[in-house]
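Fold and contact review
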Amino acid sequence: MPSESPKPFALTEAQIRFFHVFGYLKLPGLFVDEITEIAKRFDALYENNPAEILNWEHATHYGKNRKILCNLPDRDPYLYGLLADPRIQAIGRGLTGGSFNYIPSEGNIFSGDTDWHTDAYNPILKFPEGHVYFKIALYLDPMTTQGGAFRIIPGSHHHGSQYTQMLNKLLVNGARNLATKAEGIPCSIIESRPGDALIFNFRAQHATCGTIGTRRMFYLGIAQKLNDNINYINEIKSGYLKQFGNVYQEPLKHESNALIRECIEELNT
Amino acid sequence: MNILTEEQVLFFKVFGFLHLPGLFLPEIQSIQDAFDKVIEDHPDEKIEHLHEAHYNAKRIMMPRFIEKCDLLTQLLSDPRITSIAQSLCGEDYNYFSSDGNIFSGDTIWHRDSYGLVRRHKYTKFLFYLDPIKADSGALRVIPGSHHQGQHFSKILHDILSEPEQQLGVPAKEVPSQVVETTPGDLIVFDYNIQHATCDSRFPRRMFSIGFTEYFPEAKKQQAIDSIRQRVADYGRIYSEAILQSGEPAIRDHIQQILALEAIALQQLGSGESQ
């Protein structure tokens, strides 16, 4: 876990509102002091777990290789220790309104661009309607407008709204239904440097364009607590078990830190 | 002749705006000259606006603008304009307004739908006559903010008057699409879309033409109320020149609003009918 106590941090009311209205929030330099260590551990996990890396090739990524390492943070106490970090705690509590669940998260090495899509797929879709869930993404390489920066359609995450429904239908095959390339879709382009935290709602439409080389990224998934609603809890757990064989990985599963336990107790198996 | 592709019509429906670069490039010089001449020839009709929507910077506005000059009036029967109006507002669209503007400063986030019939499609065609970049006052729009009655649209309406306080960012950092333009481009947007301009560095000339869907019976009374207010604010909807036009593309697309205006005038007790 990060050893030194970081500076106090809290989201402002305006930042919380910005996130809920537009579906994303960028916090520049939030982990700039730790990012070298974070990147080192990310690389080590990829190097030490070659058999568990999924080489994924999908139309969303234009058939280019994406190396996924499921439950990446769970495998390293320093990385999952971020869940107890006051900055992640402040983001989680600020945006969900209280204590929160950690959602199984992965590491990615992308070799190309990503067409428009949302991250609201199973088991995420098992959460109740209107539930707040989001990713705190850390890009480990500098991303520029011309070179693969994250693109997001502000306001595309409002569940059930006409705009969201239209976008989800329209962008089901990327930007092709509008006879344009992904770059032709109106959006915010979020340039980032290692150390920035990029938070976005799982339901927001997002893409990347112009990737040069590879992009390393991992995230911490956060969701509102289910407040002991056993039906949802069982449904979500079984979704993860069915799809990934587990919810959380060792050593996270048996972590004793109280703040971290609070993040995993509801969905742990 | 269809100017817009099906995909462009869909883009407009989803995002609420379209940018058509260079559509009027061949005649832009004569359009610019006509704009300047109308402004020069009608000093008494200029309205000098000092309004908080423009941070109290001066905006010169002239209603019924294109109707003051044959060349600009002809835009109403130009196949490029009529085709786009038909694609976006239906074959029986109404021409309902035009204004000329010289903006001297920025414009806060706002919609142009004040006083209009709710949940009815109004579309504005904008001709910017000076090159405008992101850092010199280009139009900014929030895609998707035009969907009336939807959460995103409503919440934006509630908070955008104070972006710094509500969102922690200045107006120009509100997530939006910046539409940089070169004279000859046409921008089309839904009247309900949130838009603004930031970082203006010189006066910007712009005129617009407004179209609306035909009003169905169920919306006629709302349309009359809207027109009555408009007449009270800016005078008659159309100028004499346009009323005398024998051009079918003009005559056919002013009839409904003329009829509704007649009722509105009666209600205003002006004694005028036509």
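Everything below is about the structure printed above this text.
Residues numbered from 1 in each chain as written. Chains lettered and ligands numbered in written order. Predicted model: local features only at pLDDT ≥ 70, side-chain atom pairs only at ≥ 80, totals over all residues. Heavy atoms only, no water.

Residue and element names in this part refer to chain B. If you trace the backbone, F207 turns up in strand β11 (residues 204-212). Taking the relative accessible area as the measure of exposure, F207 reaches 0% and is therefore buried. On a C-alpha basis, the gap between F207 and E180 in space is 16 Å, while along the polypeptide they are 27 residues apart. Residue contacts for F207: discarding those within four places in its chain leaves I31, F35, F65, I66, L72, L75, D99, G100, F125, L126, F127 and L129. (Helix = DSSP H or I, 4+ residues; strand = E, 2+ residues; numbered from the N terminus. Buried < 20%, exposed > 50% of the residue type's maximum accessible area, 1.4 Å probe, protein only. Contact = heavy atoms within 4.5 Å.)

Right, let's talk about the pattern of salt bridges for a bit. Going through the model one piece at a time under the given rule, you end up with 27 salt bridges over all chains. One salt bridge connects K68 of chain B with E45 of chain B, and the closest N-O pair in it is separated by 2.4 Å. In this pair, K68 of chain B sits in the loop between β3 (58-63) and α3 (70-73) while E45 of chain B sits in the loop between α2 (28-41) and β2 (47-50), placing the two residues 23 residues apart along the sequence. Here K124 of chain B and D112 of chain B are joined by a salt bridge, their closest N and O atoms 3.0 Å apart. Of this pair, K124 of chain B sits in strand β6 (residues 122-128) while D112 of chain B sits in the loop between β5 (107-110) and β6, and the two are 12 residues apart along the sequence. By the burial criterion, K124 of chain B is buried, and D112 of chain B matches it. By sharing partners, the salt bridges in this structure join E37, K40, R41 and D76 of chain A into a single network. (Salt bridge = Lys/Arg side-chain N within 4 Å of Asp/Glu carboxyl O.)

Here the focus is the nonpolar core. If you look at the biggest cluster of nonpolar residues, it comprises 169 residues, and the most contacted ones within it are I38 of chain A together with L72, L186, F207, I209 and F211 of chain B. Ignoring any residue separated from it by four or fewer positions in sequence, one finds L186 of chain B in contact with L18, H19, L20, L23, F24, I81, I84, F125, L126 and F127 of chain B. (Core = buried A, V, L, I, M, F, W, Y, C linked by side-chain atoms within 4.5 Å.)

Direction vectors running N to C along helix α5 (residues 162-170) of chain A and helix α1 (residues 6-15) of chain B enclose 145°, while the axes themselves pass 10 Å from each other. Residues Y163, M166, L167 and L170 of chain A of α5 of chain A touch α1 of chain B, and the partners they reach there are L10, K13, V14 and F15 of chain B. Grouping the constituent residues of the contact of α5 of chain A with α1 of chain B by class yields 7 nonpolar, no polar and 1 charged. (Axes fitted to C-alpha atoms, helices over the stretch in contact; angles between N-to-C directions. Nonpolar A, V, L, I, M, F, W, Y, C, P; charged D, E, K, R; others polar.)

What follows concerns the environment of I209 of chain B. When you line up the elements, I209 of chain B lands in strand β11. Dropping the residues within four chain positions of it, I209 of chain B is found in contact with I66, L75, L76, Y95, S97, S98, T123, K124, F125 and F127 of chain B.

The next subject is the environment of Q32 of chain B. Residues and elements named next belong to chain B. One can find Q32 in helix α2. Using a relative accessible area of 11% as the deciding quantity, one classes Q32 as buried. Taking the C-alpha atoms as reference points, Q32 and L10, separated by 22 residues in sequence, lie 31 Å from one another. Residues contacting Q32, with those up to four places away along its chain left out, are L129, P183 and R205.

A separate point is the interface of chain B and chain A. Contacts between the two partners involve 24 residues from chain B and, on the opposite side, 23 residues from chain A. Roughly 2100 Å² is buried in total at the junction of chain B and chain A, and carbon and sulfur atoms are behind 76% of that figure. At the boundary of chain B and chain A, one finds 0 salt bridges. Put simply, chain B and chain A have 4 residue pairs in polar contact (both at pLDDT 80 or more) between them. Where the side of chain B that touches chain A is concerned, the elements lending two or more residues are α1, α5 (151-159) and α6 (163-167) of chain B. Looking at the side of chain B that touches chain A, the element that brings in the most residues is α1 of chain B, giving 6 residues. Each residue belonging to the side of chain B that touches chain A can be placed in one class, and the counts come to 14 nonpolar, 8 polar and 2 charged. (Buried area = accessible area lost by both parts, 1.4 Å probe. Polar contact = N/O pair within 3.5 Å; in protein donor to acceptor, adjacent residues only side chain to side chain.)

With their axes 10 Å apart at the nearest point, helix α1 (residues 13-22) of chain A and α5 of chain B run at an angle of 150° to one another. In terms of orientation, α1 of chain A and α5 of chain B fall into the roughly antiparallel class. Here R17, V21 and F22 of chain A of α1 of chain A come into contact with α5 of chain B, specifically with F152, I155, L156 and I159 of chain B. (Parallel < 35°, antiparallel > 145°, perpendicular 65-115°, else oblique.)

So, on to the packing of aromatic side chains. In this structure the tally under the stated criterion is 28 aromatic pairs over all chains. Here a set of aromatic residues connected by ring pairs shows up, and it is made of F18, F22, Y24 and Y163 of chain A together with F11, F15, F17 and F152 of chain B. Positioned above the aromatic ring of Y219 of chain A, the side-chain terminus of K135 of chain A is 4.0 Å from the ring centre. (Phe/Tyr/Trp six-rings, centres within 6.5 Å; stacked < 30°, edge-to-face > 60°. Lys NZ or Arg CZ within 6 Å of the ring centre and 35° of its normal.)

Before going further, it helps to spend a moment on the sheet that holds β5 of chain B. Residues and elements named next belong to chain B. Spatial strand order, β5-β10-β7-β8: 4 strands in an open sheet with antiparallel pairing. Edge positions in the open sheet fall to β5 and β8 (177-179), since each of these has one partner strand only. Each strand axis lies, on average, 25° off the axis of its neighbour in the sheet, ignoring direction. Summarising the sheet, strand β7 (residues 139-141) and β8 pair through 3 bridges and their orientation is antiparallel. Each bridged residue has a counterpart across the sheet, and for R140 the counterpart in β8 is V178. (Pairing = 2+ DSSP bridges.)

Residue and element names in this part refer to chain A. If you check helix α2 (residues 35-48), its first and last C-alpha atoms are 20 Å apart, about what 14 residues at 1.5 Å a residue would give, namely 20 Å. Restricting attention to buried positions, one finds in α2 the residues I35, I38, A39, F42, L45 and Y46. Considered in projection along α2, the buried side chains sweep an arc of 125° and stay on one side of the axis. Exposed positions of α2 whose direction lies more than 90 degrees from the buried face are T36, K40, E47 and N48. Where α2 is buried, its residues contact β3 (65-70), α3 (77-80), β5 (106-110), β7 (133-139) and β13 (215-224). (Expected span 1.5 Å × (residues − 1). Arc of directions from axis to C-beta.)

Right, let's talk about the pairing of β11 of chain B for a bit. All names here are of chain B. The buried count for β11 comes to 9 of 9 residues, which makes it a mostly enclosed element. Neither face of β11 is exposed, since R204, M206, S208, G210 and T212 on one face and R205, F207, I209 and F211 on the opposite face are all buried. Two elements, strand β4 (residues 94-103) and β11, share 9 bridges in a ladder whose sense is antiparallel. Within β11, the residue paired with D99 across the bridge is S208. Here β6 runs beside β11; their pairing, made up of 7 bridges, is antiparallel. Note that in β11 the partner of K124 across the bridge is G210.

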